[in-house]
Amino acid sequence: MSVPATVDVKAFIDDRPPSTYQWLLVILCFLVVAADGMDVAIMGFVAPPILQEWGLSRPAFGLVMSAAPIGLVIGALVAGPSSDRVGRKLVLITSVLLFGVLTIATAFSRSPTEMAALRLLTGIGLGAAMPNTTTLLSEYAPSSKRALMITLMFTGFNLGSALIGFVAGALIPMHGWRAVLVFGGVLPLALVPLLVWLLPESARLMAVQGRPAERIAATLARVCGARFEPGTRFVSQEPPVAGRTTVGVLFSPGFGALTIALWVTYFMGLLVIYLLTGWLPTLMKDAGLSIATAANVTAMFQIGGTIGAVIVGWCMDRAQPARVIAGAYFAGALCVLVVGAIGAVSPALTLLVFSTGFFMSGAQTGLNAFAPGCYPTAARATGVSWMLGMGRFGSILGSAFGGALLGMGLGFGSILGMLALPAAFAAVAILSTRQRDVAQRQLNPA
């Protein structure tokens, strides 16, 4: 194949159909996100038997439930700037190794304090993994299929969360809650050798950083199945941005208001999702359902989110992305209201929990696909990870707030009804990005 002496990495990737290796990259990132989803959701499924075994109140266990989300914030805020400096691959592999080891260690916790400390450290690894998979895949996905490829990757999170629900339902009655945590730690550790061998560094980042052309050529040739002439130069043609640091770029002219809107949207969406996934099994158990049934019904939230993510991503590649995401959040708010109104013993509960996951997780996944295109390559991981990190305060609030509400004696319907409001706020916030996003893409197409 004849190529020009100077290659714009982004244009080169956008002008070609996805190669087999690019789809392999989707699979690798999918597996990482699936492992991430299992370990993020795992405490919601093991909480009921832990409460029973250790004789804890629900508000007291809120410390354990909120520990990992705090770690997720720390991991995200540190991982983004680190990734923009040293590369996506090293930070991603380190994060997977960290949360795999620490999830296994959590299985041997002897007290709530020890478990909370281990979950905090586990969260740091979890928080570093998600933004790096998103950023790396966005930099190798052609623009015509970027949202679809990223949302396909993110279906791993929902499937991983659903898988650990089914695993919990099977393992807890026979082997106890510790076996579920061991399972959740072994799988990410099995991924590490594959990531070391197969995961590429971002060619766009290497071009921006002025890395040797030979290294960029070898990486891009491997991923895209192309050959380059000796002496080919690789560039990433992007307008200069203000800000001495990558964090400073997020608040430079043209990015500040967009950054805040993304943070608010992500915060509101995670508040709803984490309260549901973290406390829905307990809420349903209190309403009279068995632990196994509660775990299986909650898993339908993740399955609905898996399907919703693919459809939202497909629509985003064909319509105005912010409107697609906002519509899904509004529909999610309506579903949450209906679930709260019908109660936990309704025969329609499983379908409605599925629908809630379809819209809420579908919208949240779409936001993950939307964010990378809002920032330049040199600060992309920082932009994505700080959105995830600041938004994670919503997950912290959701995890702790659920325990507090239960401690106040509020029931299934009351707690679910409250969640419609933040879901609607998320829709309004993402809609506010629409005009700014159009203008920004004209200046800085991702």
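Report follows, based on the coordinates.

The rules behind each value
- Residues numbered from 1 in each chain as written.
- Predicted model: local features only at pLDDT ≥ 70, side-chain atom pairs only at ≥ 80, totals over all residues.
- Heavy atoms only, no water.
- Helix = DSSP H or I, 4+ residues; strand = E, 2+ residues; numbered from the N terminus.
- Buried < 20%, exposed > 50% of the residue type's maximum accessible area, 1.4 Å probe, protein only.
- Contact = heavy atoms within 4.5 Å.
- Patch = residues over 30% accessible without salt bridge, like charges linked within 9 Å, V, L, I, M, F, W, Y side chains within 5 Å.
- Areas by Shrake-Rupley, 256 points an atom, 1.4 Å probe, with all protein chains shown as cover.
- Salt bridge = Lys/Arg side-chain N within 4 Å of Asp/Glu carboxyl O.
- Expected span 1.5 Å × (residues − 1).
- Polar contact = N/O pair within 3.5 Å; in protein donor to acceptor, adjacent residues only side chain to side chain.
- Phe/Tyr/Trp six-rings, centres within 6.5 Å; stacked < 30°, edge-to-face > 60°.
- Core = buried A, V, L, I, M, F, W, Y, C linked by side-chain atoms within 4.5 Å.
- Disulfide = S-S within 2.5 Å.

1. Focus on the side chain of Thr155
Then, in step 1: Secondary-structure assignment places Thr155 in helix H6 (residues 146-175).
Then, in step 2: With a relative accessible area of 6%, Thr155 lands in the buried category.
Then, in step 3: Each residue touching Thr155, except ones within four places of it in the same chain, is listed here: Phe30, Thr306, Ala309 and Val310.

2. So, a nonpolar patch on the surface
Then, in step 1: Together, Ile70, Ile74 and Val78 give the surface a local cluster of nonpolar side chains, amounting to about 230 Å² of exposed area.
Then, in step 2: For Ile70, a relative accessible area of 37% corresponds to the partly exposed category.

3. Focus: the environment of Leu416
Then, in step 1: For Leu416, the position within the fold is in helix H16 (residues 412-418).
Then, in step 2: A residue is classified by how much of its surface remains accessible, and Leu416, at 1% relative accessible area, is buried.
Then, in step 3: When sequence neighbours within four positions are dropped, the list of residues in contact with Leu416 reads Leu276, Leu283, Val336, Val339 and Gly340.

4. Quick word on helix H13 (residues 321-342)
Think of an α-helix as turning once every 3.6 residues; residues three or four places apart then point the same way.
Then, in step 1: The end-to-end C-alpha distance of H13 is 32 Å, a good match for the 32 Å that 22 residues give at a rise of 1.5 Å each.
Then, in step 2: Of the residues that open H13, the one with a side-chain oxygen 2.9 Å from the backbone nitrogen of Ala322 is Gln320.

5. Description of the pattern of salt bridges
Then, in step 1: By the definition in use, this model includes 7 salt bridges.
Then, in step 2: A salt bridge links Arg178 to Glu53; its shortest N-O distance comes to 3.8 Å. In this pair, Arg178 sits in helix H7 (residues 177-198) while Glu53 sits in helix H2 (residues 20-54), placing the two residues 125 residues apart along the sequence.
Then, in step 3: Between Arg88 and Asp84 there is a salt bridge, with its nearest N and O atoms 2.6 Å apart. With respect to burial, Arg88 and Asp84 carry one shared label: buried.
Then, in step 4: Several salt bridges share partner residues, and in doing so they unite Asp84, Arg88, Glu139 and Arg380 into one network.

6. A word on helix H3 (residues 58-86)
Then, in step 1: The end-to-end C-alpha distance of H3 is 42 Å, a good match for the 42 Å that 29 residues give at a rise of 1.5 Å each.
Then, in step 2: With its phi angle positive at about 120 degrees, Gly87 sits one or two positions after the end of H3.

7. A closer look at the packing of aromatic side chains
Then, in step 1: Inspection of every chain in the model, using the stated rule, returns 6 aromatic pairs.
Then, in step 2: Consider the rings of Phe255 and Tyr375, whose centres lie 5.9 Å apart with planes at 15 degrees: the pair is stacked. Here the residue Phe255 occupies a position in the loop between helix H10 (246-249) and helix H11 (256-286), and Tyr375 occupies one in the loop between helix H14 (349-370) and helix H15 (380-407), the gap between them amounting to 120 residues.
Then, in step 3: By way of ring pairs, the aromatic residues Phe12, Phe228 and Phe234 are connected into one cluster.

8. Remarks on the nonpolar core
Then, in step 1: In terms of nonpolar packing, the biggest core is built from 129 residues, with Met43, Phe61, Leu220, Leu262, Tyr329 and Ile430 touching the most fellow members.
Then, in step 2: Sorting elements by how many residues they give to this core places H2 first, with 19 residues.
Then, in step 3: The residues touching Tyr329, leaving out its near neighbours within four places in the chain, are Thr265, Gly269, Met360, Ala363, Gln364, Leu367, Ala423, Ala426, Ala427 and Ile430.

9. Here's the deal with the state of the cysteines
Then, in step 1: Summed over all chains, the structure comprises 0 disulfides.
Then, in step 2: Cys29 takes part in no disulfide bond, and the closest cysteine sulfur to it belongs to Cys224, at a distance of 14 Å.
Then, in step 3: Taking relative accessible area as the criterion, Cys29 reaches 1% and is therefore assigned buried.
Then, in step 4: This cysteine, Cys315, is not joined by any disulfide, and Cys335 carries the nearest cysteine sulfur, 16 Å off.
Then, in step 5: Owing to a relative accessible area of 26%, Cys315 belongs among the partly exposed residues under this scheme.

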